[in-house]
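# Observations on chain architecture
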Number of protein chains: 2
Amino acid sequence: MTSNKPTVGFAGLGAMGGGMAKNLVKNGFAVTGFDVYQPLVDKFVEAGGKAAKTPKDAATDVDFFVSMVANKEQNASLLFDGEDCVSKGLGKGKTFILCSTTPPNFLIELRKRLDEEAGRPDIKLLDCPVSGGTIRAADGTLSIFSSGPDGDLDAAKDVLECMSGNLYRMGGISNGTKTKTIHQLLAATNIITASEAMGLAATVGLNTQAVFEHVQSSDADSFMFSNRAPHMLKSDWHPYSALAIILKDTYIVTDTARGTLGDSFPAALANTAHYTYLQGVQAGMMKDDDAKLVQLYLPESQGDLVGEMSTADVKMNSSHQISKDTIVDLLCGIHLAASVEAMGFCKHLGGIDRPLMYEIISKAAGWNGMFTKSIPGMLEKDSWSLADCAQAEEVGRKLSEAVEKCRKINYPCPMAAAALQQFNFSTLRDKKLTSLSRGDR
Amino acid sequence: MTSNKPTVGFAGLGAMGGGMAKNLVKNGFAVTGFDVYQPLVDKFVEAGGKAAKTPKDAATDVDFFVSMVANKEQNASLLFDGEDCVSKGLGKGKTFILCSTTPPNFLIELRKRLDEEAGRPDIKLLDCPVSGGTIRAADGTLSIFSSGPDGDLDAAKDVLECMSGNLYRMGGISNGTKTKTIHQLLAATNIITASEAMGLAATVGLNTQAVFEHVQSSDADSFMFSNRAPHMLKSDWHPYSALAIILKDTYIVTDTARGTLGDSFPAALANTAHYTYLQGVQAGMMKDDDAKLVQLYLPESQGDLVGEMSTADVKMNSSHQISKDTIVDLLCGIHLAASVEAMGFCKHLGGIDRPLMYEIISKAAGWNGMFTKSIPGMLEKDSWSLADCAQAEEVGRKLSEAVEKCRKINYPCPMAAAALQQFNFSTLRDKKLTSLSRGDR
């Protein structure tokens, strides 16, 4: 039986890409896969895929080539290096779909190299980064932020829809990747914030399971908190998602935010997340699950404290005054500052519709409760300052109290401290001196 | 009368370069100058220099070519763009001395482009960034961080010594620029910290002149504090040194610290300084003196408050408990964390002798009192963590109290808050849980 479906080449058969490629096979596409690591190719063949010896082989005679290799360097190599690269194999007018997360500028560069260096202006390039993790990759229910010429996206519809549960159209080339970058600002800040919060709960001797459940029932929840905190509660340090992965994305986020000298965006929270991740790198955690970063916040001899405290029978003690609600306040404060930062970043980068960005983040791994609660009320004004956020005053005040409780016990809370400064700066704009400071003279 | 001194070409006759070039003329060198802005060339001719119409003209028949143009882009253009560039004019075996501040990697790139692209491996390239400001530029008393092949540095001795009061040899190409980058980490953090401190003093109604004098007589002083605070005290917003200049250097510092994905240095204080400068850019201060950044910390209607409070007759009031000593504690805490960060950055970049780096910073614009007080005791161990700093416990405790006083009045103190987290992280390493947190269960 011959399938009417287009044929597909695929590179990058790892945790994400392997699931995506096998899902295409399961849905009747003829897929030829390539990976530099042979065991991954073997598994793909077991699932019904065809093996290719080189990128060129995988690209020859296919209608679409999907890349899910790790980064921009691997993509550049895949497309252009040597005689066995994709651009030497892909037929006239065929389509290269970039699903990896790379910097927005890289897409512009790729298009140019295809046109000029490779002499292949006929190759259609689609910028389609994905979000959702390995389970949704295997299920074909990823969020895909597709961008490129409309006609080329229309033609690729069958392949893209097979891989996605939420397929968004973001505009021209690089807009898909911009969307992913903005989304990853929240993913990056939410992940490290989960560690900061759970580390605090354990440090002050709260029952961490109870804290977890309390957070989940509150505005302080985030996709990443709900996903990562359980690893901490079980002291399960299996690398479901290694620090190396979110570090790479954080690097892209902060690199895109710093832009060029004259066109930088002050991403306070993303930068704080970045240098906290780098402390994890210094502590040798690059290949560990990113949830293990909670150990940065704990004494070295107490790395499993969140897990130990998940079954502890504890009574609340008053001296540090840190309760389940303090953890909620800390999370809400950071999440709100990060949410406003992400939307400001979206505006700074340009070209992305803010209401659509809101919708995307609401359904994706970068989601947090404060995003849902606060961003809709700010969309019309499109001013992304905490000074223009209705919830900021109360959330900022509670964050301030939480930060003070951390300070009293010398608990490091870089995300909370950085967020608090953003609240403080926002309250300065246009205000008169407070009665406290003036009256005190 | 013919001079025995070598002839010099010079590009970039602005505030720094103009003074350097005229100082060479004053000392008997025959200097041919080029600048894209004709009035600067005219002034240089009035001072006895020769005018060149193009970079090539300025480079023809000279022994040394000194560049003090603004940045790497201008230097690349100066050397390589078009038919009138320096590499088309400079004679065989002559020397190009780069005095501008550029990223360390740029020097490596320049050498390669000279060798390969321009076919000029004969041109000697010296990497000699400077520090010290316009007065020392004109006096020929700059600090110069020279690097390159020893023989080439020997041959350039007359020119370099004429421009410098402190001439350091840092090793091979790019080490001079690394040294400048490490130094600028402290310059950048010290400048914004001066604003954070003086803004606080004014906000709580202290006599700011008295605070200034108190700081200068304490360990909290820095070259930048002593230089910038007087501008604030006089509400003198003349752009002696524009935000654009320190922003450019901060960009180089954080860019060099982020390095590549797998080789980043977590420069918490430098990154915090950077995104605070970016808030200044957003507030439209790019061309303003960097001391004007104190207005970020003040209500919009109170931009001259530091000046107004310099003559105020005030009594200390107890409710916010912020005194002259609180300002000292805040400065000392930030300066110590930044000093340790700078030396850690030095170690991370490699190739620079740490005792020499200590000596350089002690005499240059990046100096602060805590650097002098704390770094010598840490040199032998060469471990650049606050955990290995004898003064950290006391300084951190006092910083913590200062941060709390800021929090109570919602005063934004991003540098202090970021520094405090570094102290908190350092006290976590190897310690048992504190009696406070364990005892509270």
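Residues numbered from 1 in each chain as written. Chains lettered and ligands numbered in written order. Predicted model: local features only at pLDDT ≥ 70, side-chain atom pairs only at ≥ 80, totals over all residues. Heavy atoms only, no water.

Once that is clear, we can look at the packing of helix H10 (residues 175-203) of chain B against helix H12 (residues 223-233) of chain B. Residues and elements named next belong to chain B. Closest axis-to-axis distance for the H10/H12 pair is 9 Å, and the angle between their directions is 40°. As the angle between them shows, H10 and H12 are arranged oblique. You can see that H10 and H12 cross each other, and the crossing is right-handed. Residues Ala187, Asn190, Ile191, Ala194, Ser195 and Met198 of H10 touch H12, and the partners they reach there are Met224, Phe225, Arg228, Ala229, Met232 and Leu233. Of the residues in the contact of H10 with H12, the class split is nine nonpolar, two polar and one charged. (Axes fitted to C-alpha atoms, helices over the stretch in contact; angles between N-to-C directions. Helix = DSSP H or I, 4+ residues; strand = E, 2+ residues; numbered from the N terminus. Parallel < 35°, antiparallel > 145°, perpendicular 65-115°, else oblique. Left-handed = near helix turned anticlockwise from the far one by under 90°. Contact = heavy atoms within 4.5 Å. Nonpolar A, V, L, I, M, F, W, Y, C, P; charged D, E, K, R; others polar.)

Turning our eyes to something else, we now look at the sheet that holds strand E4 (residues 64-67) of chain A. Residue and element names in this part refer to chain A. Sheet architecture is open: six strands sit in the order E3-E2-E1-E4-E5-E6, paired in parallel fashion. At either end of the open sheet lies a strand with only one pairing partner, and these are strand E3 (50-51) and strand E6 (124-127). Against the sheet, helix H4 (residues 72-80) contacts strand E1 (8-11), E4 and strand E5 (95-98), and its axis sits at roughly 165° relative to E5. (Pairing = 2+ DSSP bridges.)

A few words on unusual backbone geometry. All names here are of chain A. Positive phi outside glycine occurs at Asp61, with the angle close to 65°. Structurally, the position occupied by Asp61 is in the loop between helix H3 (55-59) and E4. A relative accessible area of 71% places Asp61 in the exposed class. For Asn410, which is not glycine, the phi dihedral falls at a positive 55°. Relative to the assigned elements, Asn410 resides in the loop between helix H20 (392-408) and helix H21 (414-428). (Buried < 20%, exposed > 50% of the residue type's maximum accessible area, 1.4 Å probe, protein only.)

What follows concerns the relation of the copies chain A and chain B. Superposing the two chain copies requires a rotation about an axis and a translation along that axis. Each copy superposes on the other: chain A lies on chain B with an RMSD of 0.0 Å after a rotation of 180° and an axial shift of 0.0 Å. Those values place the two copies in the arrangement expected of a two-fold rotation axis. The position closest to the rotation axis in chain A is occupied by the C-alpha of A:Ala417, lying 3.0 Å away. In this assembly the copies share their binding face: 100% of the residues contributing to the interface of chain A also contribute to that of chain B. (Least-squares fit on C-alpha atoms with pLDDT ≥ 70 in both.)

A word on the interface of chain A and chain B. At the junction of the two partners, chain A supplies 69 residues and chain B supplies 69 residues. Taken together, both faces of the contact between chain A and chain B bury some 6,000 Å²; the carbon and sulfur share is 56%. Linking chain A to chain B there are four salt bridges. For the salt bridge of B:Asp255 with A:Arg258, the shortest nitrogen-to-oxygen distance reads 3.4 Å. The interface formed by chain A and chain B contains 16 residue pairs in polar contact (both at pLDDT 80 or more). Elements represented by at least two residues in the side of chain A that touches chain B include exactly helix H10 (175-203), helix H13 (243-258), helix H14 (268-282), H20, H21 and helix H22 (435-439) of chain A. The residue inventory of the side of chain A that touches chain B, partitioned by class, reads 29 nonpolar, 24 polar and 16 charged. (Buried area = accessible area lost by both parts, 1.4 Å probe. Salt bridge = Lys/Arg side-chain N within 4 Å of Asp/Glu carboxyl O. Polar contact = N/O pair within 3.5 Å; in protein donor to acceptor, adjacent residues only side chain to side chain.)

Residues and elements named next belong to chain B. One open sheet holds the six strands; their spatial order is E3-E2-E1-E4-E5-E6, and the pairing between them is parallel. Edge positions in the sheet fall to strand E3 (50-51) and strand E6 (124-127), since each has one partner strand and no second. The pairing of strand E1 (residues 8-11) with strand E4 (residues 64-67) spans four bridges and is classified as parallel. Bridging from a neighbouring strand, Ala11 pairs with Ser67 of E4. On the sheet, helix H6 (residues 104-117) packs against strand E5 (95-98) and E6 and is oriented at approximately 175° with respect to E6.

Residues and elements named next belong to chain A. For Thr95, the position within the fold is in strand E5. Residue Thr95 is classed as buried on the basis of its relative accessible area of 3%. When neighbours within four sequence positions are excluded, Thr95 is seen to be in contact with Asp63, Phe64, Phe65, Leu90, Lys124 and Leu126.

Right, let's get into the pattern of salt bridges. Evaluated as defined, the whole model comprises 40 salt bridges over all chains. The salt bridge involving A:Asp382 is made with A:Lys347; its shortest N-O contact spans 4.0 Å. Of this pair, A:Asp382 sits in the loop between helix H19 (376-379) and H20 while A:Lys347 sits in helix H16 (residues 324-349), and the two are 35 residues apart along the sequence. Given the relative accessible area of 16%, A:Asp382 is considered buried. Given the relative accessible area of 41%, A:Lys347 is considered partly exposed. One salt bridge in this structure joins A:Glu401 and A:Arg397, with 3.9 Å as the shortest N-O distance. Here A:Glu401 pairs with A:Arg397, and both are found in helix H20, just four residues apart, close to one helical turn. The partly exposed category is assigned to A:Glu401, whose relative accessible area is 37%. It is possible to trace a salt-bridge network through shared partners that takes in A:Glu404, A:Arg407, B:Glu404 and B:Arg407.

Bringing the packing of aromatic side chains into the picture now. When we look at a pair of aromatic rings, we describe it by the centre distance and by the angle of the planes. With the rule as written, the count across this model stands at 14 aromatic pairs over all chains. Ring centres 5.3 Å apart and planes at 15° place the aromatic pair A:Tyr358 and A:Phe371 in the stacked group. With A:Tyr358 in helix H17 (residues 354-362) and A:Phe371 in helix H18 (residues 369-374), this residue pair connects regions lying 13 residues apart in the sequence. The same class applies to A:Tyr358 and to A:Phe371, which are both buried. Aromatic side chains B:Phe65 and B:Phe96 sit 5.7 Å apart centroid to centroid with 5° between the ring planes, which places their arrangement in the stacked category. You can see B:Phe65 sitting in strand E4 and its partner B:Phe96 sitting in strand E5, a full 31 residues away along the chain. Taken individually, B:Phe65 and B:Phe96 each receive the classification buried, so the pair is uniform in this respect. What links up through ring pairs into an aromatic cluster is the set A:Tyr297, A:Tyr411 and B:Phe425. Taking the ring centre of A:Tyr251 as reference, the NZ or CZ of B:Arg258 above it sits at 4.2 Å. (Phe/Tyr/Trp six-rings, centres within 6.5 Å; stacked < 30°, edge-to-face > 60°. Lys NZ or Arg CZ within 6 Å of the ring centre and 35° of its normal.)

Attention now goes to the nonpolar core. The tendency in soluble globular proteins is for nonpolar side chains to be buried side by side. Within the largest apolar cluster, 100 residues are counted, with the highest numbers of intra-cluster contacts made by A:Ile182, A:Met198, A:Tyr277, A:Ile327 and A:Ile375. When sequence neighbours within four positions are dropped, the list of residues in contact with A:Met198 reads A:Thr208, A:Val211, A:Phe212, A:Phe225, A:Ala229, A:Met232, A:Leu233, A:Val294 and A:Val306. Counting residues in hydrophobic clusters, the runner-up holds 98 residues, among them B:Met224, B:Leu278, B:Leu379 and B:Leu399. (Core = buried A, V, L, I, M, F, W, Y, C linked by side-chain atoms within 4.5 Å.)

Worth remembering: the numbers are spatial, not functional.
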